[in-house]
Amino acid sequence: MARKVGIYTRISRDDEGDAMGVARQRQDCEHLADLRSWQAVKVYEDNDVSAFKRNVVRDEFELMLQDLRSGLIQGIVAYDLDRLARQPRDLERLIEIYDERPRAEFATVTNDVNLAAPDGRTMARVMVAFANKSSHDASRRIKRKHLELARQGRDSGGPAPYGWCKDDRTKVDPKAAQAIRTAQQEILAGVRIGTIRTRWQEEGLGNPRAGTKRMAHHHVEHILTSPRLVGYRTYHGEILTGDDGEPVMGEWEPINTLAEWEAVCAAVAERKQQRPGQTLARKYLLSGIARCGLCKTKIRGQVNPRWKPGSKAAKYSYQCSVVNGGCGKVGRTGEPVDKLIVELVLEDQRDKAAVQDVPPEQQWPRQGELDAVQADIGRLLEAEKSRQITVSTLLQLLPDKERERDALKLERARFYKDQKQSQARAATGDLSPTEFFDLPIERQRETVLRSLSAVIIHPAGRGRRTFDPTLIDPVWR
Ligand SMILES: [Zn+2]
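Figured I'd write up the structure that's included with this text. Model, not experiment: these values are computed from the prediction.

### Considering the sheet that holds strand 8 (residues 300–303)
For step 1, the next point in the chain: Here we have three strands laid out as an open sheet, ordered 8-9-10, and antiparallel in their pairing. Two strands in the sheet have a free side with no partner beyond their single neighbour: strand 8 and strand 10 (331–333). When strand polarity is set aside, the average angle formed by the axes of neighbouring strands in this sheet is 30°.
For step 2, the next point in the chain: Bridge analysis of strand 8 against strand 9 (residues 316–319) gives four bridges, and the strand direction is antiparallel. Residue pairing across strands places Arg 300 opposite Gln 319, the latter belonging to strand 9.

### Topic: the coordination of the zinc ion
For step 1, the next point in the chain: Here the zinc ion is held by the protein donor atoms Cys 292 (SG), Cys 295 (SG), Cys 320 (SG) and Cys 327 (SG), which lie 2.2 to 2.4 Å from it.
For step 2, the next point in the chain: Bound by four donor atoms, the zinc ion shows angles of 98 to 115° at the metal and therefore tetrahedral coordination geometry.
For step 3, the next point in the chain: Written as a sequence motif, the donor residues of the zinc ion are C-x2-C-x24-C-x6-C. Of the two residues, Cys 292 is situated in strand 7 (residues 290–292) and Cys 320 in the loop between strand 9 and strand 10; the sequence distance between them amounts to 28 residues.
For step 4, the next point in the chain: Under the relative-accessibility criterion, Cys 292 is labelled buried at 0%.
For step 5, the next point in the chain: Cys 320 gets classed as buried once you look at its relative accessible area, which sits at 2%.

### Some thoughts on the nonpolar core
For step 1, the next point in the chain: Core analysis: the largest hydrophobic core is formed by 41 residues, its most contacted members being Tyr 162, Ile 180, Ile 187, Ile 196, Trp 200 and Leu 224.
For step 2, the next point in the chain: Mapping this core onto the domain boundaries places at least three of its residues in each of domain 2 (174–274) and domain 4 (367–419).
For step 3, the next point in the chain: Not counting residues up to four positions away in its chain, the partners in contact with Ile 180 are Tyr 162, Gly 163, Trp 200, Ile 223, Leu 224, Leu 229 and Ile 255.
For step 4, the next point in the chain: In terms of nonpolar packing, the next biggest core, distinct from the first, is built from 25 residues, Val 330, Val 345, Leu 431 and Ile 457 among them.

### Points about the pairing of strand 9
For step 1, the next point in the chain: In this structure, strand 9 lies alongside strand 10, joined through three bridges in antiparallel fashion. Paired with Tyr 318 across the strands is Arg 332, a residue of strand 10.

### Some points on the pairing of strand 1 (residues 4–11)
Along any regular strand the residues' side chains alternate between the sheet's two faces.
For step 1, the next point in the chain: When you tally the buried positions in strand 1, you get seven out of eight residues, the bulk of the element.
For step 2, the next point in the chain: Here strand 1 runs beside strand 3 (residues 75–78); their pairing, made up of three bridges, is parallel. The partner of Ile 7 across the bridge, within strand 3, is Val 77.

### Some remarks on the sheet that holds strand 7
For step 1, the next point in the chain: Here we have three strands laid out as an open sheet, ordered 7-11-12, and mixed in their pairing. Since the sheet does not close on itself, it has two edges, and those belong to strand 7 and strand 12 (472–476), each with one partner. For this sheet the average axis-to-axis angle between neighbouring strands, irrespective of direction, equals 30°.
For step 2, the next point in the chain: Pairing between strand 11 (residues 452–457) and strand 12: five bridges, direction antiparallel. Among the inter-strand pairings, Leu 452 is bridged to a residue of strand 12, identified as Trp 476.
For step 3, the next point in the chain: The strands touched by helix 14 (residues 441–451) are strand 11 and strand 12; relative to strand 11, the strand with the most contacts, the crossing angle is about 95°.

Rules of the game
Residues numbered from 1 in each chain as written. Predicted model: local features only at pLDDT ≥ 70, side-chain atom pairs only at ≥ 80, totals over all residues. Heavy atoms only, no water. Pairing = 2+ DSSP bridges. Helix = DSSP H or I, 4+ residues; strand = E, 2+ residues; numbered from the N terminus. Axes fitted to C-alpha atoms, helices over the stretch in contact; angles between N-to-C directions. Donors = N, O, S within 2.8 Å, 3.2 Å for Na, K, Ca; no water. Tetrahedral: all angles 85-135°; square planar, octahedral: opposite > 155°, others 65-115°. Buried < 20%, exposed > 50% of the residue type's maximum accessible area, 1.4 Å probe, protein only. Core = buried A, V, L, I, M, F, W, Y, C linked by side-chain atoms within 4.5 Å. Domains from an automatic or database assignment. Contact = heavy atoms within 4.5 Å.

Here it is, written out as structure tokens:
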């Protein structure tokens, strides 16, 4: 009776070039089985799975091992050893079965090795060790190819990042781009990323995880600060520079100007530096701005535990607190204090805006110097390439120039950040109190702090029930 064998075929991405399709592998294997008078009873076909990648499970390969071990098949025919096992680990599992079953059949179309013979197994181990190395090389080649494409400014594959069209990564999605720009303006005006994240989740903006509306904080931060926004091509998170030392520009439409993007990045970085850890949102407008009129300790807002929707009780109050090191003797209902302060602040800022115009858009004055340093770097790299200077000379000269360039770039980012920030802030000059209270709390607080350094709340005296504005003392900057 004819021996029953299984045929194993696999096509990997590396095969794309040589068109060694699964169908042809299978035909050749079947032909070989016929020649040996074996009966091919089953075909195991792993499609487009690299035997080299460790974490990839080849389902059919696993099934074949099982069938061979259980005796359902009595041998294997494959195109070559490379298709069958590139990982030493896989080969060892296969060899183990052949050790246990000395009569099992084995053949490859290329006749490169015979696992059914002990010598063949030794040979196979050597071959797989080499193949494994060449796969590493192939993997490196693929990586280099990606890098090469990136250097040419070619876009990487995958789903479009937020801001660009789903069906064409090179085209800006106008609605998403507008959402990004609006959020960036908010960042410059002092709004936290967490606040934007919450708003985006409510409005269905951004790129939430599939099936949810949720986004990670760092994900939102990335959307708002990604180098892709100005058209910079990145590779593994780093901005790629070309041979001239300039960033490689991608082939897609940018969303930000360089000035806009650098300003947002600088604002985000600065905030992280200033307040590491202090990321808790303040809930009340004057928390920490208000101070006790008696002991001068900072006062925080507190929710009134007796307040319920529809009740007449105050929703929150500012209360000097012993817990925070205060005297605990001064407190005031929150809303009237906030309203009073906001009216005063908005009036003050209207007056100031009338005198002081919005700062005009200005070019950073040292751009020429930066261009010159960039050009120097480009010339140095060029000189090394054409062998006018040695690598070691290049490496002696380059670091100073690079430091100079980075310092100038940082200065440029700060310049544009300050400019964009004052533009964003000037926009609050003509708000109504209602519009003001619609702003995110950070922006409200930031607006107040531009006019006031503190608000002193004086003791109300015994039995006084009505709110007395004269006992609230704004300290003007
Ligand atoms: Zn006090």
